[in-house]
Amino acid sequence: MDGNGRWATRRGLPRSAGHRAGARAVRRLVEAAARHPAIAALTLYAFSSDNWRRPADEVAALMRLFERHLRIESPRCAANSVRLEIVGRRDRLDPRLRAAIDAAELATRGGAHLHLRIAVDYSARDAIAARQLLPDVDLLIRTGGERRLSDFLLWESAYAELVFVEQMWPDFTAADLAAALTEFHTRARRFGALPAAALGATS
Ligand code: IPE
Ligand code: MG
């Protein structure tokens, strides 16, 4: 979820307004993903372990936003059978946020429609070193025009199809998600083997 800050700056708004718009985009995209029959799991990169290097007021605003949205969204997630899980380090989070995470995970644990993971204080390198690995990623979408992984799901993305989109995260829509899935389905995934046609030709 990249591009909140630039989205706001371009509109003459403070970066915190971009993060609020980003949170509204999360709601839209989670609803779209939950409705989509091909999507069983979605992991959103909300806050990387390197984001602690941002100004304290921006970090504090982000943490408040996470806590508020966890409390607001978890009943909606439970009602829509969305299972919420927060991945990343918890020991550096405020106890209030940790309590909101625990409550949201407990309230949504039965969700079977969509497994929604939110990465907070997450570093793929740290996760690999601590052997805290997640299921393999099929499709990795990065918004905001950058073409790098920025320490996100490095191990799990060994064979992920990568899609980079120019839209800033607050502008990313359900239609953009559908377009990325269409792009995904055009990719020939061979996992190092040969295409099925070539294998057939040798037998
Ligand atoms: C959101 O976008 C990602 C978060 C860390 C919350 P950014 O805050 O990185 O926005 P840009 O890249 O500065 O535009
Ligand atoms: Mg960014």
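The structure this text deals with has already been given above.
Nothing here was measured: the structure is a model prediction, and the numbers come from that model.

Caption draft 1: Examining the overall build of the protein chain more closely. Helix and strand counts for the protein chain stand at 7 helices and 5 strands. N-terminal to C-terminal, the α/β element order of the protein chain is α-α-β-α-β-α-β-α-β-β-α-α. The globule rule puts the C-alpha radius of gyration for 203 residues at 17 Å, and the 18 Å found for the protein chain is close to it. Dimensions of the protein chain along its principal axes, counting C-alpha atoms only, are 60 × 40 × 35 Å.

Caption draft 2: Expanded view of the packing of aromatic side chains. Within this structure, the stated rule accounts for 7 aromatic pairs. An angle of 80° between the planes, with centres 6.3 Å apart, marks the rings of Phe47 and Phe66 as edge-to-face. One end of the pair, Phe47, is in strand β1 (residues 41–48); the other, Phe66, is in helix α3 (residues 56–79), and 19 residues separate them in sequence. Pair check on accessibility: Phe47 and Phe66 agree, each one buried. Centroid distance Tyr159 to Phe191: 5.4 Å. Interplanar angle 55°. Geometry classified as tilted.

Caption draft 3: Molecular detail of the sheet that holds β1. Strand order in the open sheet made by the 3 strands is β1-β3-β2, with parallel pairing throughout. Here the strands that pair on one side only, and so sit at the sheet edges, are β1 and β2 (82–87). Averaged over all pairs of adjacent strands, the angle between their axes in this sheet comes to 15°, without regard to strand direction. For β1 and strand β3 (residues 114–122), the ladder comprises 7 bridges, and the chain directions are parallel. Each bridged residue has a counterpart across the sheet, and for Thr43 the counterpart in β3 is Arg117.

Caption draft 4: Up close: the environment of Ile86. Within the secondary structure, Ile86 is located in strand β2. Residues Ile86 and Ala188 lie 102 residues apart in sequence; the distance between their C-alpha atoms is 32 Å. Excluding residues within four positions of it along the chain, Ile86 makes contact with Leu70, Ile101, Glu105, Ile118 and Val120.

Caption draft 5: View of the pairing of strand β5 (residues 161–164). Here β5 shows a clear split, with Glu161 and Val163 buried on one side and none of Leu162 and Phe164 buried on the other. Bridge count between strand β4 (residues 139–142) and β5: 4 bridges; the pairing is parallel. From the neighbouring strand, Arg142 faces β5, where its bridge partner is Phe164.

Criteria and cut-off values
- Residues numbered from 1 in each chain as written.
- Chains lettered and ligands numbered in written order.
- Predicted model: local features only at pLDDT ≥ 70, side-chain atom pairs only at ≥ 80, totals over all residues.
- Heavy atoms only, no water.
- Helix = DSSP H or I, 4+ residues; strand = E, 2+ residues; numbered from the N terminus.
- Rg over C-alpha atoms; globule rule 2.2 N^0.38 Å.
- Phe/Tyr/Trp six-rings, centres within 6.5 Å; stacked < 30°, edge-to-face > 60°.
- Buried < 20%, exposed > 50% of the residue type's maximum accessible area, 1.4 Å probe, protein only.
- Pairing = 2+ DSSP bridges.
- Axes fitted to C-alpha atoms, helices over the stretch in contact; angles between N-to-C directions.
- Contact = heavy atoms within 4.5 Å.

These values are about where atoms sit, not about what they do.
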